[in-house]
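Structural overview for review
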Amino acid sequence: MTELNNPTFRLAVAQFEQAAAMMHLDPNLHERLKMPERSLIVSIPVRMDDDTVRMFTGYRVQHDSSRGPSKGGIRYHPDVNLGEIAALAMWMTWKCALAGLPYGGAKGGVRVAPKKLSRGELQRLTRRYATEIFPLIGPDKDVPAPDVGTDAQVMAWIMDTYSQQVGFAVPGSVTGKPLSIGGSLGREEATGRGVVDVTLEAMRHLRLDIENATVAVQGFGNVGSNTARIMREVGAKVIAVSDVTGGLYNAKGLDIPELLRRFRGDGQPLRETKMGDWISNEELLELDCTVLVPAALSEQITHKNAAKVRCRILAEGANGPTTLDADQILVDKGVFIIPDILANSGGVIVSYFEWVQDAQRFFWKEQDIRDRLHEIITAAFHRTLQFSTAQRATMRMAALMSGIDKVAQAHLARGLFP
Ligand code: GLU
């Protein structure tokens, strides 16, 4: 499929092939798992506020559903394309399997700059997109969630559109939705909290102190801002954060609560807060720090800048932030990598809790969510670390091999239909 031929899909496949070769994966399974199970491309006509009709392109890709309903976010971004969504769907398959969640992997997206739309336009786009992908989704089939450019409100519109089609409320049709319609406590911060949970485990393993740790976070969306906030709460010094426009650097540590109040609350651009020196996103990645958290888009650390990365731990909040050739350079430099499918799995782990709560119509306390997230993600971290030591594999390859192995076992147990 030539439509899949883009850098992000090539990265996901190259990672898969490297892991598959190391684990001597059955060649028949290898071919099956390389390609998505099902891909849908939809055209989305939207009546704009000026009464013209604009067309948008949307996607939903299900990579694998051998272990359960497929699961994955919906991304609104002007660069979204089929290859990127297929790569993200494949990563969801390994991520869910690695965490032991009873899900396959999927991802969706719309090629749109959501901030350029009015609220009404965004709602009409979302409802039409949800209608177009309706045949594919559902609580037992494929369950969307937020990703880059989407949030709880977008999920609420999808849940409502789905529920209107079937004629009754189906809270479990999406996760990451508002509390008022069956959302879960702790879902919004879950990815960031998971990043901090596994980073603390890595620091314990490397015998590093949180009080002396410095942290740089690329990206100040849901994942980046929650990671920065919780890192500071546990005692680390957050020396830099950034968004698409650039970053703030303060060697003494940024006052994250104050920064969030101004950025989120007052809508003040990062640069105008003047809470640190203004740096570029490239400079942020090259800062001398204990922990670097890329929490923006994919392919940020490449063979071009990997040699200049100076962190001790790379905790991948984003999906696919590091290319394969950069990986090797970082490993050779002794950087401890917590790979994306492990580091950012807190989001989908709490999505799973939300879906379970919706199915049971019984809701948990926030502390229960945090404790169970901690239990699952730290166990996955230690399994990956042990496997990596035993197999003499990098943390990324160990995580991928563990995930792929669980999916392979499901395929072998179920057999090939017909
Ligand atoms: N979009 C998030 C991810 O990439 C969460 C997916 C979900 O909760 O289903 O893992």
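Everything here concerns the structure above.
Notes on the structure follow. In this text, all values refer to a predicted model and were calculated from it rather than measured experimentally.

**A short note on unusual backbone geometry**
Cis geometry is adopted by the peptide bond preceding Pro 418, which originates at Phe 417 and carries an omega value of 5°. One non-glycine residue, His 24, lies in positive phi territory at about 50°. Within the secondary structure, His 24 sits in the loop between α1 (7-22) and α2 (27-34). The residue Arg 361 is not glycine, and still its phi comes out positive at about 50°.

**Side note on the site of the ligand**
Within the structure, the ligand sits among 14 residues, and Lys 71, Lys 95, Pro 146, Asp 147 and Ser 351 are positioned closest to it. Between the ligand and Lys 95, the relevant distance is 2.6 Å, taken from an oxygen atom to a side-chain nitrogen or oxygen of the residue. Contacts to the ligand include Asn 319, whose side-chain N or O atom sits 3.1 Å from an oxygen atom. Starting from 300 Å² of accessible surface for the ligand in isolation, the protein chains cover 95%. Considering only residue class, the shell around the ligand consists of 4 nonpolar, 5 polar and 5 charged.

**Section: the nonpolar core**
Core analysis: the largest hydrophobic core is formed by 91 residues, its most contacted members being Trp 94, Val 241, Phe 336 and Ile 338. Contacts of Trp 94, omitting those with residues within four sequence positions, involve Phe 16, Leu 33, His 63, Ile 341, Leu 400, Gly 403, Ile 404 and Val 407.

**A short note on the packing of aromatic side chains**
Counting across every chain of the model gives 9 aromatic pairs. Considering the side-chain rings of Tyr 352 and Trp 355, the 6.3 Å spacing of their centres and the 35° angle between planes classify their relative orientation as tilted. Highlighted residues: Tyr 352 and Trp 355, both in helix α12 (residues 346-360), separated by 3 residues, approximately one helical turn. In this structure Tyr 352 comes out as partly exposed when scored by relative accessible area, which is 21%. On the basis of relative accessibility, which here comes to 17%, the residue Trp 355 falls in the buried class. Among the aromatic residues, those joined into a cluster by ring pairs are Tyr 103, Tyr 352, Phe 353, Trp 355 and Trp 364.

**Concerning the packing of α2 against helix α14 (residues 395-414)**
Two numbers describe how α2 lies on α14: the axes approach to 11 Å, and their chain directions differ by 110°. In this view, α2 runs roughly perpendicular relative to α14, as classed from their interaxial angle. Residue-level inspection shows Leu 29, Arg 32 and Leu 33 of α2 in contact with α14, the latter providing Val 407, Ala 408, His 411 and Leu 412. For the contact of α2 with α14, a count of residues per class yields 5 nonpolar, 1 polar and 1 charged.

Calculation notes
- Along each chain, residues carry numbers from 1 onward, in the same order as the chain's sequence is written.
- Totals for whole chains, interfaces and linings use every residue, but because this is a predicted model, local features are given only for residues with pLDDT of at least 70 and side-chain atom pairs only at 80 or more, for both listing and counting.
- Values reported for side chains reflect all heavy atoms of the structure, with hydrogen atoms and water molecules removed beforehand.
- Numbering of helices and strands runs from the N terminus; a helix is a DSSP stretch of H or I covering at least four residues, while a strand is a stretch of E covering at least two.
- Nearness of a residue to a molecule or strand requires only that one of the residue's heavy atoms be within 4 Å of it.
- Whenever a nitrogen or oxygen atom comes within 3.5 Å of another N or O atom, the pair is scored as a polar contact, on the condition that within protein one atom can donate a hydrogen and the other can accept it, and that pairs from neighbouring residues in sequence are kept only if both atoms are in side chains.
- To be clear on the numbers: accessible area is Shrake-Rupley with a 1.4 Å probe, and residue cover counts the displayed protein chains and nothing else.
- Polar here means any residue other than Ala, Val, Leu, Ile, Met, Phe, Trp, Tyr, Cys and Pro, which are nonpolar, and Asp, Glu, Lys and Arg, which are charged; Gly is therefore polar.
- Nine residue types can take part in a nonpolar core, namely buried Ala, Val, Leu, Ile, Met, Phe, Trp, Tyr and Cys, and a core is a set of them joined through side-chain atoms within 4.5 Å.
- A 1.4 Å probe rolled over the protein chains alone gives each residue an accessible area, and that area as a share of the maximum for its type sets the label: buried under 20%, exposed over 50%, partly exposed in between.
- Any two residues having at least one pair of non-hydrogen atoms within 4.5 Å are treated as being in contact.
- Between rings of Phe, Tyr and Trp, where Trp is taken as its six-membered ring, a pair exists when centres lie within 6.5 Å; planes separated by under 30 degrees are stacked, by over 60 edge-to-face, and by other angles tilted.
- As a rule, the C-alpha atoms of each element are fitted with a line to give its axis, helices using only the stretch in contact, and angles between N-to-C directions run from 0 to 180 degrees.
- What sets the label is the angle itself: under 35 degrees gives roughly parallel, over 145 gives roughly antiparallel, 65 to 115 gives roughly perpendicular, and the rest give oblique.

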